Amino acid sequence: MKIIIQGPQACGKGTQARLLAQKYGWMHFEMGKILRSIVHSDNPYASKIKDTLNSGDLVPDELVRLIAWDFVKKNYTKGIVFEGYPRSVAQYEQLQEMLKKFNKRIDALISIDIPEAESIARMSDRRTCVKCGRIYSLSVDGNLTNCECGGELILREDDKPEAIKKRLQIYHQQTRHVFEKAKAEGIAIEIDGMHPIAEVHEKICTSLA
Ligand SMILES: [Zn+2]
């Protein structure tokens, strides 16, 4: 199966994607993590991507297409859960085109919904591991300073208030349209994200069965 998981910032899509990948043995494609690893490399686009991410803007379609293509061509035989991509209808069409080359397609798009105020509250509570990219919540996980892997936990630049507002705006203006498109294609699933992680996970699994 090929699944897209999306939703407004801090809806829990990263956690849910990881749980799905573990349960079904799928690959977890994390666009944000790949982009951040480029930022920390000596790639010529590193500083440009860094500025774009920090401002909360979308990374150019052509760049995310190349990254996704590199992944898809290596992993198209496997189950994949796509997270952080596609973020616009143009990117969704890109992805479907890529999969089509291997006679595959997106089977379901899961949208995890939470109110905007909840997004903002959760984001300011969020800490990211500088080493492995894992995300923690201070209120849920306790006042941790380090990740399980030993990496330091930080409040990411793109989780700060100005960038959050921009990212929520982009979510509503662009990413939400991906959901509308998937809905028209009959593959959209809406999940209420205002429940405990295990419960949301169960609901997703049931909806995919
Ligand atoms: Zn870590």
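Residues numbered from 1 in each chain as written. Predicted model: local features only at pLDDT ≥ 70, side-chain atom pairs only at ≥ 80, totals over all residues. Heavy atoms only, no water.

Trainee: Can you help me understand the overall build of the chain in this one?
Mentor: When helices and strands are counted, the chain shows nine helices and eight strands. Counting only C-alpha atoms and orienting by the principal axes, one finds that the chain spans roughly 45 × 45 × 35 Å. The buried share of the chain, taken over its 209 residues, is 44%. Of the contacts formed within the chain by residues at least 6 apart in sequence, a portion of 71% connects residues at least 24 apart. (Helix = DSSP H or I, 4+ residues; strand = E, 2+ residues; numbered from the N terminus. Buried < 20%, exposed > 50% of the residue type's maximum accessible area, 1.4 Å probe, protein only. Contact = heavy atoms within 4.5 Å.)

Trainee: Hey, could you run me through the pairing of strand E5 (residues 126-129) in this one?
Mentor: Every regular strand shows the same layout, with side chains that alternate between the two sheet faces. Burial along E5 is two-sided: the face carrying Arg 126 and Thr 128 and the face carrying Arg 127 and Cys 129 are both buried. The antiparallel hairpin formed by E5 and strand E6 (residues 135-137) contains five residues in its connecting segment, where Gly 133 sits at a positive phi of about 85 degrees. (Pairing = 2+ DSSP bridges.)

Trainee: Explanation requested: the coordination of the zinc ion in the structure shown.
Mentor: By definition of the ideal shapes, a tetrahedral metal site with four donors has angles of 109.5 degrees and an octahedral site with six donors has angles of 90 or 180 degrees. Around the zinc ion, the protein supplies Cys 129 (SG), Cys 132 (SG), Cys 147 (SG) and Cys 149 (SG) as donor atoms, at distances of 2.3 to 2.4 Å. What the four donor atoms of the zinc ion show is an angle range of 102 to 119 degrees at the metal, which sorts the shape as tetrahedral. Counting the intervening residues between successive donors of the zinc ion yields the motif C-x2-C-x14-C-x1-C. Here the residue Cys 132 occupies a position in the loop between E5 and E6, and Cys 149 occupies one in the loop between helix H7 (138-141) and strand E7 (153-154), the gap between them amounting to 17 residues. (Donors = N, O, S within 2.8 Å, 3.2 Å for Na, K, Ca; no water. Tetrahedral: all angles 85-135°; square planar, octahedral: opposite > 155°, others 65-115°.)

Trainee: I would appreciate a short explanation of helix H2 (residues 31-39) in the present structure.
Mentor: For an α-helix, 3.6 residues make a turn, and residues three or four places apart therefore share a direction. All of the buried residues along H2 are Met 31, Leu 35, Ile 38 and Val 39. Angular distribution of buried residues about the axis of H2 spans 105 degrees; they occupy a single face of the element. At its buried positions, H2 is contacted by strand E2 (27-30), helix H3 (46-55), helix H4 (61-75) and strand E3 (80-83). (Arc of directions from axis to C-beta.)

Trainee: Looking at this structure, how should I read the side chain of Ser 119?
Mentor: By the element assignment, Ser 119 lies in helix H6 (residues 116-124). With relative accessibility at 0%, the residue Ser 119 sits in the buried group. If we ignore the near neighbours within four places in the chain, the residues touching Ser 119 are Pro 8, Gln 9, Ala 10, Ile 114 and Leu 168.

Trainee: Could you clarify how one ought to interpret the sheet that holds E3 in this entry?
Mentor: The strands that make up a sheet are held in pairs by hydrogen bonds between backbone atoms, and each pair lies either parallel or antiparallel. Taken in spatial order, the five strands of this open sheet run E2-E3-E1-E4-E8, and their pairing is parallel. Strand pairing shows two members of the sheet lacking a second neighbour, E2 and strand E8 (188-192), which therefore form its edges. Ignoring which end each strand starts from, the neighbouring axes of this sheet average 20 degrees apart. Across four bridges, the pairing between E2 and E3 is parallel. From the neighbouring strand, Phe 29 faces E3, where its bridge partner is Phe 82. This element, H2, spans E2 and E3 of the sheet and lies at about 55 degrees to E2. Sitting on the sheet, helix H9 (residues 197-208) is in contact with strand E1 (2-6), strand E4 (108-113) and E8, with an inclination near 160 degrees to E8. (Axes fitted to C-alpha atoms, helices over the stretch in contact; angles between N-to-C directions.)

Trainee: Sorry if this is basic, but what is going on with the nonpolar core here?
Mentor: Soluble globular proteins: nonpolar side chains tend toward being buried together. Membership of the largest hydrophobic core comes to 28 residues, with the highest contact counts inside it found for Phe 29, Phe 82, Tyr 85 and Leu 95. Only H2, H3, H4, E3, helix H5 (89-100) and helix H8 (161-184) provide two or more residues apiece to this core. Counting residues per element, this core draws most heavily on H4, which supplies six residues. Beyond its immediate stretch of four places on either side in the chain, Leu 95 contacts Ile 4, Val 72, Phe 82, Tyr 85, Pro 86 and Ile 106. Counting 18 residues, the second-largest nonpolar core is a separate cluster that includes Ile 3, Ile 5, Leu 20 and Ala 21. (Core = buried A, V, L, I, M, F, W, Y, C linked by side-chain atoms within 4.5 Å.)

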